Amino acid sequence: MTRFLILLLPALLAGCTSAERTPPAPSEIVPVPPKPPAPPPSFTGPVLGPDGACTGPVPGTAAAIEPGIGECDLVRLKGRPPTDVLVGEGRAGREVQVLYAEPGAKELYFFVNNRLDRVVKS
């Protein structure tokens, strides 16, 4: 059986040469459009890094924790760094989750494009 395959192998490989192929006609080549440039960020001001530190000075305009405040305003109002920060990109743009774990309670703050979207307390 092995001897048969060894004899048959050159005949099988003969059909695999590229010399018999003809290149595609220019009308068959479809150009790929270039990728559009990434849109600029749709938020302003300093933001939190994965380590929980702000990337710049906090303007300090927010007076209370409420929807619409910035990520760094939350840290300033809480008075201490967060327990954990998750930074990512979603369909709406920059998405950040900020966790404050306190004895007997957890607070999770969800930001979209540097604006507080919602708060979950447990």
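Residues numbered from 1 in each chain as written. Predicted model: local features only at pLDDT ≥ 70, side-chain atom pairs only at ≥ 80, totals over all residues. Heavy atoms only, no water.

A. Here's a closer look at the pattern of salt bridges. Under the definition given, this model contains 7 salt bridges. In this structure, aspartate 73 and arginine 76 form a salt bridge, with 3.6 Å as the shortest nitrogen-oxygen distance. Remark: arginine 76 and aspartate 73 occur in helix H2 (residues 71-78); sequence separation between them is 3 residues, near one turn of the helix. Across the pair aspartate 117 and arginine 118 runs a salt bridge whose closest N-O atoms are separated by 4.0 Å. (Salt bridge = Lys/Arg side-chain N within 4 Å of Asp/Glu carboxyl O. Helix = DSSP H or I, 4+ residues; strand = E, 2+ residues; numbered from the N terminus.)

B. Local environment of the side chain of aspartate 73. On the basis of relative accessible area, aspartate 73 is assigned to the buried category, the value being 9%. With residues up to four places along the chain from it excluded, the contact list for aspartate 73 reads Val58, Gly60, Thr61 and Ala62. (Buried < 20%, exposed > 50% of the residue type's maximum accessible area, 1.4 Å probe, protein only. Contact = heavy atoms within 4.5 Å.)

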